[in-house]
Each structure stands twice: as structure tokens, then as C-alpha cells.
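Each chain, letter by letter, is given below.
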Amino acid sequence: MADRIRWGVAGCGGIARRRTIPEGIVRAGNGRLAAVWDLDGTATREVASQFGARAADDLADLLRDDVDAVYIASPPAAHGVQAHACARAGKHVLCEKPLGMTVEDVESMIGGFRRAGLRLGCAFMMRFHAQHQAALGLVRGGRLGRPVLARAQLSCWYPPLAGAWRQDPRAGGGGALIDMGGHCIDLLEMFFGPARRVSCVTGRLVHGYASEDGAVATLEFGNGAMGIVDTFFCIPDDGSQNRLELYGSGGSILASGTIGQGERGTMTAFLADGAGGYDARQARAAGGGVPIDPEPVNMYRAEIEEFGAAILEGREPSHDAGLGLRSQRVIQACYESARTGRAVDIEPVRAGRPDDP
């Protein structure tokens, strides 16, 4: 292994081919691409040729001795089986979200990797966005004051497509909520801490496929703050600015376009040293605010390098499986709320390591 992790990729089409391989694995300073595999043999051969990797015949062939870690980007219904196979073969795994189809699936995955002494991570790459990290520093530093409200929005136009697993809950676990809303909920919990209760509505508003094409979830955080996540597969790309909004007793941090696959966006802080007295006029100055514009970071490279560093240093990655388990619990509670029409409580974080099953 030396100082470079040799990566295999299971499910090398889609996001892997589009983003994680070229921007993450190929560019990682502590990794290199060794082998790729996909159920689509044509995609396997094309990606292998494009990036100079070995084209594996099947999952077992992918897990040869020339691979140290596997990035799993297959449909969620395959995550559990593929991850367990990797663990039996002695391979570390960075898996796309959701980690599994159920909380129990994820708990089983985590247990298997712990028993094998291997690392299991969840690919919440948006945590690595430079502007998100800068905002997190302001929140943790107390600049936002007491947290009050957080909102995250992620929508796109995703019409019916033959064979699209995100449109089939049997393959993806759901639609817009679990696919895109999972990123939004994870970000809000990164900023404000664990949610303790959720309410959610989902719908098939425009498209006719089996998964929901829209969802709105409201969250109550353990610190008393509130949250809103709105995510849709039925809003044209240019019609949704993918907002991130953080409000507190000390002001706000407002962003557009930082949530998504890109490494840039606009973010502005409206923070005051003190709110002052009551102003009956509620006057607001036009413009203002301080831009938050750190040097951009490629999120895919950052997540791959952090996971590789964790393996090389013998520690847990910052985006470990605990985040995936936490996400699964919140998403499952959201779907239960949407089904029953009631608010649903979420298990509190246990003492010690968060979400230790």
C-alpha cells in the first residue's frame, strides 16, 4: 500500500465516471485508480480504457490483490451485498449514500467492517465544500449566535428515464428525498447538530414514476433550532438556486449554488456584534453583508484524500459510516412521517461515539 491507496470502483458509470474518478481518485495525491467494474460491461471497458485501469469481469475479479479500497457507486439496493463482499476480501470501502436500504442494513455493514478491522465511509462530499467549511467555522465560533433556523434546498429536472434506479424505490430506496434530501439533511445536522424530530410530506407532483418527485421536511434540532429541507425532481435546473440559509440570534449566512456537485457558489454573512434594541421600523439596509469566498476545494478529491489518509494513518475518516447510519435514521423517520401524517421522533445520539450501533 505504501503511501498511495489503490482504488477499485464498483459501479463505474454515473457519478463515478462523471465526477469521482476523474476529479477524485485520479487527482488524489495519496491514491490511484487500479480497477473498475460495472454490471454494464460496455461501461466497464470504456471507463477502464479512458482512465488506464484494469477492467474487472465481476465483483470478485475487482477484489484482487491490486486493490486496497473500493468506492461503491452502484444503486443503493446493491450496496449491502457489495460492501459485505469487500469486507470479506479485506478491502476498505467508501460507499455512496444512502449506505443501505434500511437502518438494519447499515448496522449490519458497520458491524462487519468493525469485526474485520476495516474502514467504512459514506460519500457526503458536500461536507468538504470550502464555503460550507467556512460557514461551519463561523457557527462553531459562535458568530451566528444561538441557532434559530436552517434551510437547505436541492432540486433539479429529472424526467422519466428507462432504467433510472432513482425513479424506482425498490432500487434506490425512494426518490428526491433519499437521493438529494439526504445531502441537505446531513449538511444541516453538520451545522446545527442532530435533529430530534421530523415532519415530512412527499408527493408525485409532475412525473409519473414510482418514487416521489418532491419532498419537504421540517426538522427540530436538539438545540431547539428548526430546519427546512425542500427537494424536488420536478423543477427545471435553472429554476432552483439550491439555497442554503443559516439564521441565528447573531445574524445569518445565506448561500446560493453551494449545494450541488460544483465547488463554487455565492455565500454572504450578515452578522452583527449585537442585535441592539428593538427598532419598530425594522429598517434594513440594501445590500451589505460580507462575502464568504475561500479558495475553492474540489469536493470529490477532498473526500477521496481524506478517506485514503484515514486508511494510511489507521484512524476513522471524518465522513465515516456513523454519518451514513445517522442519515439512514433521519430519512427513515421522514418517510414514516410522510406515510403516517405525524411527526416522528429520532433516536438520540448515544453516549460515546455518535450512532454507535
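The structure under discussion appears in the preceding block.
Being a predicted model, the structure only gives us computed values, none of them experimental.

A. A look at the packing of helix α6 (residues 130-140) against helix α8 (residues 176-192). Remark: α6 packs on α8, axes separated minimally by 9 Å, with the N-to-C direction vectors making an angle of 35°. Across the interface between the two elements, His132, Gln133, Ala135, Leu136 and Val139 of α6 pack against Leu187, Met190 and Phe191 of α8. Grouping the amino acids of the contact of α6 with α8 by side-chain chemistry returns 6 nonpolar, 2 polar and no charged.

B. Structural view of the pattern of salt bridges. The final tally for this structure, using the stated rule, is 20 salt bridges. Put simply, Arg151 and Glu245 hold a salt bridge, and the shortest N to O gap is 3.2 Å. Here the residue Arg151 occupies a position in strand β7 (residues 147-155), and Glu245 occupies one in strand β11 (residues 243-248), the gap between them amounting to 94 residues. Arg315 is the partner of Glu313 in a salt bridge, and the nearest nitrogen-oxygen pair spans 2.7 Å. Its relative accessible area of 54% is what places Glu313 among the exposed residues.

C. Examining the sheet that holds strand β5 (residues 92-95) more closely. With parallel pairing, the 6 strands of this open sheet are ordered in space as β3-β2-β1-β4-β5-β6. The two strands at the open ends of the sheet, each matched to only one other strand, are β3 (54-55) and β6 (120-122). Alignment of strand β4 (residues 69-72) against β5, held across 4 bridges, turns out to be parallel. Across the sheet, Ile72 pairs through a bridge with Cys95, a residue of β5.

D. Highlighting unusual backbone geometry. The omega torsion of the bond from Lys97 to Pro98 falls at -5°, within 30 degrees of zero and hence cis. Note on placement: Pro98 falls in the loop between β5 and α5 (103-116). Even without glycine at this site, Asn242 takes up a positive phi of about 50°. Topologically, Asn242 is positioned in the loop between β10 (226-232) and β11. With relative accessibility at 13%, the residue Asn242 sits in the buried group.

E. Layout of the pairing of β5. Here β5 shows two buried faces, one formed by His92 and Leu94 and the other by Val93 and Cys95. Tracing the backbone out of β4, into helix α4 (residues 79-88) and back to the parallel element β5 gives a crossover that is right-handed. Where the polypeptide runs from β5 across α5 and back to β6, its parallel neighbour, the crossover connection is right-handed.

F. Molecular detail of the pairing of β4. Burial along β4 is two-sided: the face carrying Ala69 and Tyr71 and the face carrying Val70 and Ile72 are both buried. Two elements, strand β1 (residues 5-10) and β4, share 4 bridges in a ladder whose sense is parallel. Opposite Val9, over in β4, you have Tyr71 as the bridge partner.

G. Looking closely at the packing of aromatic side chains. A full pass over the atoms with the stated rule returns 4 aromatic pairs. Ring centres of Tyr158 and Phe233 lie 4.9 Å apart, and the angle between their planes is 65°; on these two criteria the pair is classed as edge-to-face. Of this pair, Tyr158 sits in the loop between β7 and α7 (169-172) while Phe233 sits in the loop between β10 and β11; the two residues are 75 residues apart in sequence, bridging distant segments of the chain. When sorted by exposure, Tyr158 lands in the same class as Phe233, which is buried. Cluster of aromatic residues (ring-pair linked, three or more members): Tyr158, Tyr209 and Phe233.

Rules used throughout
- Residues numbered from 1 in each chain as written.
- Predicted model: local features only at pLDDT ≥ 70, side-chain atom pairs only at ≥ 80, totals over all residues.
- Heavy atoms only, no water.
- Axes fitted to C-alpha atoms, helices over the stretch in contact; angles between N-to-C directions.
- Helix = DSSP H or I, 4+ residues; strand = E, 2+ residues; numbered from the N terminus.
- Contact = heavy atoms within 4.5 Å.
- Nonpolar A, V, L, I, M, F, W, Y, C, P; charged D, E, K, R; others polar.
- Salt bridge = Lys/Arg side-chain N within 4 Å of Asp/Glu carboxyl O.
- Buried < 20%, exposed > 50% of the residue type's maximum accessible area, 1.4 Å probe, protein only.
- Pairing = 2+ DSSP bridges.
- Right-handed = clockwise from strand over helix to strand, strands pointing away.
- Phe/Tyr/Trp six-rings, centres within 6.5 Å; stacked < 30°, edge-to-face > 60°.

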